[in-house]
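Descriptive analysis of the structure
Now for the letters of each chain:
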Amino acid sequence: MNELRIIIGIISTFLTVLFAIFIFSVKAENKLSNRIFGAFLIINAVETSGFFIHDFIPTSARFSMFKDTSFYLFSPLLYLYICSVCYSDFRLKKKHLWHLLPFVIGNLIMTPRFYLGDSELLANLIPNITGTWEVITMHIFIHTQLVFYFTISFFVLKRAKSIFFENHSNNTIQAYKWLHQILLFWIAIISIALIKNILKYTNLEDPIFPFFQMILIVAILMVSCWYILKALNNPDLFKGVDSKTKLTKDLLEETHHKSENGAIINDLKLFMDKEEPYLNPSLSIRNLAQQMNIPVRELSIAINHDLNQHFFDFVNEYRIKRAMHLLRDTNQPKLTVLEILYDVGFNSKSSFNTAFKKYTNVTPTQYRKQVVNS
């Protein structure tokens with residue numbers, strides 16, 4: 001098991017570093033997001049190197065402590081990455097320096113005995129290093145920090161997703177699912193690491209500790225491979241929303257809106273039927289408001305509140321109805337599902353199938369077969 005741990009650790013670290021180099025060098029619209037994610041991957045690689053580096057290179061206690069305290073940067077970088085992906089107007093500012101505070105404080109705690117301590121002192125500390133108050137404090141602080149950053153990351157993701165649904169119709173919603181999956185994967189991995197760290201301070205360490213250590217490193221390797229596959233299949237995964245965009249509930253509080261705006265809703269439905277703006281894959285609520293020559297605020301309230309339907313779902317409903325019409329059209333039996341989805345305003349087959357099944361409970365292909373059979 002020891003050899004397997006070393007092999008998997010080397011593979012995982014190599015893939016992570018390789019992917020980080022790719023992320024840093026690849027040309028992309030959102031360079032800031034790539035740089036933050038690249039830094040996040042480097043921290044992951046530093047952490048996974050701990051599974052094998054001591055077997056090949058004699059490392060000092062000072063180096064080991066700095067490697068461990070570098071994990072204070074893990075959750076802040078993940079949080080900043082999510083912010084940079086979710087919000088197109090996100091920029092790093094001086095106020096973000098406070099995210100470095102746990103890393104700075106963590107290293108200050110290690111300074112007196114580990115960084116500045118003489119060789120004799122370190123020699124006495126190493127045999128029972130996990131029992132030192134510095135290491136115990138580090139474990140407690142890091143896991144507390146992880147809980148905090150995972151929580152606020154979920155809030156950021158939830159708000160950005162709500163803004164997207166209320167203001168956009170382009171089918172890039174899979175990006176939010178990907179970010180959500182990243183958080184869930186790392187929560188699972190950190191939970192395994194927490195169990196592993198608890199075992200360090202119990203009598204169960206010897207028989208069980210290697211088992212959890214192996215599970216942890218295999219999980220990290222799987223996530224590293226998943227990153228790469230996701231990036232290769234989705235090079236332009238997400239472009240973000242404007243963080244200054246207000247949610248409908250905020251607009252309602254500002255305007256004290258009470259009654260339904262029937263006139264705007266009637267005009268909206270007539271405009272959608274006549275002009276078919278939903279055929280534009282990038283249609284946003286701002287674009288639609290400009291075309292109808294009405295305030296964005298009023299249109300947002302009319303759709304997202306009065307109709308009790310997100311703008312995203314509102315537009316997709318028209319697209320699906322149009323697709324259903326084309327699938328039923330016997331004059332165009334050779335029109336493929338792929339041609340239809342692009343014709344009605346979708347830009348990917350997966351998003352079209354998901355939206356179509358949500359509205360009809362069947363896939364487009366199944367729907368066409370039902371029409372033919374009937």
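The numbering scheme is per chain: residues are counted from 1 as the chain's sequence reads. Predicted model: local features are reported for residues with pLDDT of at least 70 only, side-chain atom pairs are reported and counted for 80 or more only, and whole-chain, interface and lining totals are derived from all residues. Excluding hydrogens and water, the side-chain values take into account all heavy atoms of the structure.

1. Describing the overall build of the chain
This is how it is decided: Counting from the N terminus, the helices are DSSP H or I runs at least four residues long and the strands are E runs at least two residues long. Note on method: radius of gyration uses C-alpha positions; expected globular size equals 2.2 Å times residues raised to 0.38. Accessible area is worked out with a 1.4 Å probe on protein chains only. A residue is then buried under 20% of its type maximum, exposed over 50%, and partly exposed in between. Contacts are residue-level and defined by heavy atoms, with any inter-residue pair within 4.5 Å sufficient.
What the chain contains, in helices and strands, is 18 helices and 0 strands. Its C-alpha atoms give the chain a radius of gyration of 26 Å, more than 25% over the compact-globule value 21 Å for 374 residues. Sorting the 374 residues of the chain into buried and exposed places 46% on the buried side. A separation threshold of at least 6 residues defines the contact pool for the chain, and within that pool the share at least 24 residues apart is 74%.

2. Focus on unusual backbone geometry
In this model, E276 sits at a positive phi of 50°, which is unusual for a non-glycine residue. Residue placement: E276 occurs in the loop between α12 (262-275) and α13 (285-292).

3. A word on the side chain of H96
Just so we agree on the cut-off: Throughout this description, a polar contact denotes any pair of N or O atoms lying within 3.5 Å of each other; where both atoms belong to protein, one of them has to be capable of donating a hydrogen while the other can accept it, and for residues adjacent in sequence the pair is counted only when both atoms sit in side chains.
Summarising the element assignment, H96 is placed in the loop between α5 (74-86) and α6 (101-115). A polar contact of 2.9 Å, which involves the side chain of H96, links it to the backbone nitrogen of K93. Excluding residues that lie within four positions of it along the chain, H96 makes contacts with L80, F90 and R91.

4. As for the side chain of S153
Along the chain, S153 turns up in helix α8 (residues 133-167). The exposure class of S153 is buried, given its relative accessible area of 1%. There is a polar contact of 2.7 Å between the side chain of S153 and the backbone oxygen of Y149. Dropping the residues within four chain positions of it, S153 is found in contact with Y79, I82 and L183.

5. Examining the packing of α12 against α13
We apply this condition: For helices, the axis comes from a line fit to the C-alpha atoms of the stretch in contact; other axes are also lines fit to C-alpha atoms, and the angle between any two N-to-C directions lies between 0 and 180 degrees. When describing relative orientation, an angle under 35 degrees is termed roughly parallel and one over 145 degrees roughly antiparallel, while 65 to 115 degrees is termed roughly perpendicular and anything else oblique. Here the nonpolar group is Ala, Val, Leu, Ile, Met, Phe, Trp, Tyr, Cys and Pro; Asp, Glu, Lys and Arg are the charged ones; every other residue, Gly included, is treated as polar.
At a minimum axis distance of 11 Å, the contact between α12 and α13 shows a crossing angle of 95°. In terms of their interaxial angle, α12 and α13 are classed as roughly perpendicular. Within the contact between the two elements, α12 uses D267, L268, F271 and M272 and α13 uses L288, Q291 and M292. Residue classes in the contact of α12 with α13 are distributed as 5 nonpolar, 1 polar and 1 charged.

6. Concerning the pattern of salt bridges
Counted only if it meets this: By convention in these notes, a salt bridge is any Lys or Arg side-chain nitrogen within 4 Å of a carboxyl oxygen on Asp or Glu.
Applying the stated criterion to the full structure yields 6 salt bridges. For the salt bridge of E134 with R113, the shortest nitrogen-to-oxygen distance reads 2.7 Å. In this pair, E134 sits in helix α8 while R113 sits in helix α6, placing the two residues 21 residues apart along the sequence. Note that R322 and D343 form a salt bridge whose closest N and O atoms lie 3.9 Å from each other. Separated by 21 residues along the polypeptide, R322 in helix α15 (residues 311-328) and D343 in helix α16 (residues 337-343) bring together distant segments of the chain. Owing to a relative accessible area of 37%, D343 belongs among the partly exposed residues under this scheme. Within the structure, one salt-bridge network assembled from shared partners comprises E276, R322 and D343.

7. Structural notes on the layout of surface pockets
How we decide: Think of a 1 Å grid over just the protein atoms. A cavity is a set of points where a 1.4 Å probe fits yet cannot get out, a pocket is an open set with protein on both sides within 12 Å along at least five of seven lines, and lining residues have an atom within 4 Å of a point. Grid points are joined across faces, edges and corners, and a volume is the space filled by probe spheres set on the points.
Here the largest pocket is characterised by a volume of approximately 900 Å³. For the largest pocket, the lining is made up of 36 residues, of which E47, K67, D68, K196 and K200 are closest to its centre. Contributions of two or more residues to the lining of the largest pocket are made by α2 (31-49), α3 (53-56), α4 (61-69), α8, α9 (174-200) and α10 (205-233). Here the lining of the largest pocket is composed, by residue class, of 17 nonpolar, 12 polar and 7 charged.

Worth remembering: the numbers are spatial, not functional.
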